[in-house]
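Structure at a glance
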Amino acid sequence: MKKSVLKIAAAAALSVAFSSVFSACSSSSLSISDCGPIAVVSVIGNKSVPWFDSDVNEEEDGDPNGILSTSVNRLFSKDNIEFTSCESRIDYADEAIRDGLVDLAGVEVVDKETVVNSEVYEDISKSYYNVLFSTVEADGYKDLTTLGSKNARILMDAVGAKSLLLFEFDFRKEIVSGSKWDGEVGSYIKMTVRMKDERGRESIYRVYEVRSANTVRIDSLKYDKSALVELIKPTIDSAVSRFIVDYIN
């Protein structure tokens, strides 16, 4: 099932009419198929699903994203599926990335357990770049957003990789049409991708902005949160597939 979903998303990414994806920032011109074996070493995302539009008051929806706000409101967020599903969606993103690299690009991916259980990986200090934000890592990973070139080279040598991939997701919701009082709300994802080459240098830095194909009805700031959360997974597939398709030469 997962493979078919990724293939459908890839087909959409190849279509000229696929306008829900926007990519920005400079990147190296290379083929991802030549970068294997690849080790995915960091997949992180925000814990809540805040509003994309600042005009929508976060407090009205009880949807904090800052680390201090999250601590204060943790008790009130325990029944909010947008918050409680954070681990499952970032784990889903990790799975989509690894499956996509193999199934769409045909590139060798270093086994996850080999990476996260290596002594080198365990010894690398986690990044504190996102310390002011409430983030979650995919199972087994740590936040390596600021991974340096020296540690990148040492880690590649230790796990038998030719390059490293790091992903950061920003999950949000936005008013697609109408207003918060009478309209449609959809899923929005900003996905930042970094690749480190054999020398530990950044060979890819790419930012993708992807919006869900479907929406959920919103009325007086009330909407089906479970339905909104379900829009996130196919949006993740679209973002990951777009990245991979961009680097299949």
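Further up the page is the structure itself.
The present account deals with the structure reproduced in this document. Everything numeric here is computed off the predicted structure, so don't read it as measured data.

Tallying each qualifying case throughout the model produces 7 aromatic pairs. An angle of 55° between the planes, with centres 5.5 Å apart, marks the rings of F243 and Y247 as tilted. Since its relative accessible area comes to 1%, F243 is described here as buried. Classification of Y247 by relative accessible area gives buried; the value is 2%. In textbook terms, an aromatic cluster arises when at least three aromatic residues are bridged by ring pairs, as seen for F167, F169, F171, Y208, F243 and Y247. Cation over ring: R89 sits above F171, and NZ or CZ is 5.3 Å from the ring centre. Above the plane of the ring of F52 lies R211, whose end atom (NZ or CZ) is 5.4 Å from the centre.

The next thing to look at is the nonpolar core. Residues V43, L101, F169, M191, I236 and F243 are the most contacted members of the largest nonpolar core, which totals 65 residues. Setting aside residues up to four positions removed in sequence, F169 forms contacts with V43, I44, G45, N46, I90, A93, I97, I189, K190, M191 and I236.

Reading guide: rules and limits
- Residues numbered from 1 in each chain as written.
- Predicted model: local features only at pLDDT ≥ 70, side-chain atom pairs only at ≥ 80, totals over all residues.
- Heavy atoms only, no water.
- Phe/Tyr/Trp six-rings, centres within 6.5 Å; stacked < 30°, edge-to-face > 60°.
- Buried < 20%, exposed > 50% of the residue type's maximum accessible area, 1.4 Å probe, protein only.
- Lys NZ or Arg CZ within 6 Å of the ring centre and 35° of its normal.
- Core = buried A, V, L, I, M, F, W, Y, C linked by side-chain atoms within 4.5 Å.
- Contact = heavy atoms within 4.5 Å.

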